[in-house]
Amino acid sequence: MPDCEISFDVSRIDFRATSDLLMASYWGSGRSDEVHRRAFANSLCVGAYSDGKQVGFGRAITDRTVFAYLADVIIWPEYRGQGIGTRLVEALVDHPDCKTVTHWSLSTNDAHAVYEKLGFRPSTDGRYMRLDRIPVA
């Protein structure tokens with residue numbers, strides 16, 4: 001895995017590159033920059049950086065107390081398969097503001113193995129996955 005830094009500093013996120021990559025994804029096609037601006041502003045966002053350059057992004061839609069939904073976890077194509085996505089998800093799940101979150105969920109068509117390594121399990125429909133954790137006091 002390349003040496004990469006994980007940061008929750010939203011001012012570091014390269015909005016243009018992130019929005020473009022998400023709009024090119026199977027799940028984000030049809031979205032606009034305005035949709036992404038609103039979604040990011042209302043989520044806990046995280047970026048991955050290699051040599052100061054953003055190489056990954058993810059966000060959690062959460063009340064920061066009980067529930068969180070992972071969304072838009074994406075790695076720049078040339079950095080895929082190196083464990084960066086796993087690190088982004090771990091950072092979100094382990095974020096101090098989410099320590100009491102007991103119900104994590106997500107939707108994926110193609111990354112089940114990545115999330116299963118982190119404890120997520122498929123739901124009965126095979127697309128949605130969830131992670132239930134014991135609350136931390």
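Data block above holds the structure.
Throughout what follows, the structure given in this document is the object of discussion. Since the model is a prediction, treat every value here as computed from it, not as a measurement.

1. Thoughts on the environment of Gly47
Part 1: With respect to the secondary-structure elements, Gly47 resides in strand 2 (residues 44-50).
Part 2: C-alpha of Gly47 to C-alpha of Arg12: the two residues are 35 residues apart in sequence and 7.8 Å apart in space.
Part 3: Apart from residues lying up to four places away in sequence, Gly47 is in contact with Glu5, Ile6, Ser7, Gly56, Phe57 and Leu88.

2. Let's talk about helix 2 (residues 33-41)
An α-helical segment advances 3.6 residues per turn. Residues three or four places apart therefore align on the same side.
Part 1: Three or more residues of helix 2 are buried, namely His36, Ala39 and Phe40. Angular distribution of buried residues about the axis of helix 2 spans 95 degrees; they occupy a single face of the element. Exposed and oriented more than 90 degrees from the buried face of helix 2 are Arg38 and Ala41.
Part 2: Against the buried residues of helix 2 lie helix 1 (15-23), strand 2, strand 3 (53-62) and strand 4 (67-75).

3. Here's the deal with the layout of surface pockets
If you roll a probe as big as a water molecule over the atoms, it shows you where there is empty space left.
Part 1: Roughly 630 Å³ of volume is contained in the largest pocket.
Part 2: In this structure, the largest pocket is lined by 29 residues; those nearest its centre are Trp27, Val73, Asp110, Ala111 and Tyr115.
Part 3: Contributions of two or more residues to the lining of the largest pocket are made by strand 4, helix 3 (84-93), strand 5 (103-107) and helix 4 (112-116).
Part 4: Tallied by class, residues from the lining of the largest pocket come to 14 nonpolar, eight polar and seven charged.

4. Describing the packing of aromatic side chains
Part 1: This structure, assessed with the given rule, holds four aromatic pairs.
Part 2: Ring geometry for Phe15 and Phe40: centres 5.8 Å apart, planes at 70 degrees, overall edge-to-face. Linking Phe15 in helix 1 with Phe40 in helix 2, this pair joins segments that are 25 residues apart in sequence.
Part 3: Look at Phe40 and you get buried, because its relative accessible area is 11%.
Part 4: Ring centres of Tyr26 and Trp27 lie 5.0 Å apart, and the angle between their planes is 85 degrees; this geometry places the pair in the edge-to-face category.

5. Quick look at the nonpolar core
Part 1: In this structure, Phe57, Leu70, Trp104, Tyr115 and Phe120 are the most contacted members of the largest nonpolar core, which totals 37 residues.
Part 2: Of all elements in the fold, only helix 1, helix 2, strand 2, strand 3, strand 4, helix 3, strand 5 and strand 7 (128-132) reach the threshold of two or more residues within this core.
Part 3: Top element by residues in this core is helix 3. It accounts for six residues.
Part 4: Apart from the residues lying within four places of it in its own chain, the contact partners of Leu70 are Arg59, Ala60, Val89, Leu92, Trp104, Ser105, Leu106, Tyr115 and Phe120.

6. So, the sheet that holds strand 6 (residues 121-122)
Part 1: Pairing is mixed across the open sheet formed by seven strands, whose spatial order is 1-2-3-4-5-7-6. Only two strands of the sheet have a single neighbouring strand rather than two, namely strand 1 (5-7) and strand 6.
Part 2: Pairing of strand 6 with strand 7 involves two bridges; the strand directions are antiparallel. Bridging from a neighbouring strand, Arg121 pairs with Arg130 of strand 7.
Part 3: Strands strand 1, strand 2, strand 3, strand 4, strand 5 and strand 7 of the sheet are contacted by helix 3, whose axis makes an angle of about 155 degrees with strand 4.

7. Re the pairing of strand 2
Part 1: Where burial is concerned, most of strand 2 is hidden: seven out of the seven residues are buried.
Part 2: Looking at chain direction, strand 1 and strand 2 are connected through three bridges and run antiparallel. Within the sheet, the bridge partner assigned to Ser7 lies in strand 2 and is Gly47.
Part 3: Taking the residues that link successive antiparallel strands as the turn, the strand 2-strand 3 hairpin has two residues, and the phi of Asp51 there is positive, at about 50 degrees.

Conventions we followed
Numbering of residues begins from 1 in every chain and follows the order in which that chain's sequence is written. With the structure being a predicted model, the display of local features is reserved for residues of pLDDT at least 70 and the display and counting of side-chain atom pairs for 80 or more, all residues being used for whole-chain, interface and lining totals. Hydrogens and water are ignored here; the side-chain numbers use all heavy atoms of the structure. Helix and strand definitions here come from DSSP, where helices need a minimum of 4 consecutive H or I residues and strands a minimum of 2 consecutive E residues; each element is numbered from the N-terminal end. Whether two residues are in contact is decided by their heavy atoms: any pair within 4.5 Å suffices. Only protein chains enter the area calculation, which uses a 1.4 Å probe; residues under 20% of their type maximum are buried, those over 50% are exposed, and those in between are partly exposed. What the arc covers is the set of directions going from the helix axis to the C-beta atoms. Every definition here rests on a 1 Å grid over the protein atoms only: cavities are sets of points where a 1.4 Å probe fits but cannot get out, pockets are open sets enclosed by protein on both sides within 12 Å along at least five of seven lines, and lining residues have some atom within 4 Å of a point. Grid points are joined across faces, edges and corners, and a volume is the space filled by probe spheres set on the points. Polar here means any residue other than Ala, Val, Leu, Ile, Met, Phe, Trp, Tyr, Cys and Pro, which are nonpolar, and Asp, Glu, Lys and Arg, which are charged; Gly is therefore polar. Here the aromatic set is Phe, Tyr and Trp, taking the six-membered ring for Trp, and pairing holds for ring centres within 6.5 Å; pairs whose planes are under 30 degrees apart are stacked, those over 60 apart are edge-to-face, and all others are tilted. Within this scheme, the nonpolar core is defined by two criteria: the residues are buried Ala, Val, Leu, Ile, Met, Phe, Trp, Tyr or Cys, and they are joined through side-chain atoms within 4.5 Å. Paired strands, in this sense, are two strands between which DSSP finds at least two bridges. Every axis in this analysis is a line fitted to C-alpha atoms, fitted for helices over the stretch in contact. Angles between the N-to-C directions lie between 0 and 180 degrees.

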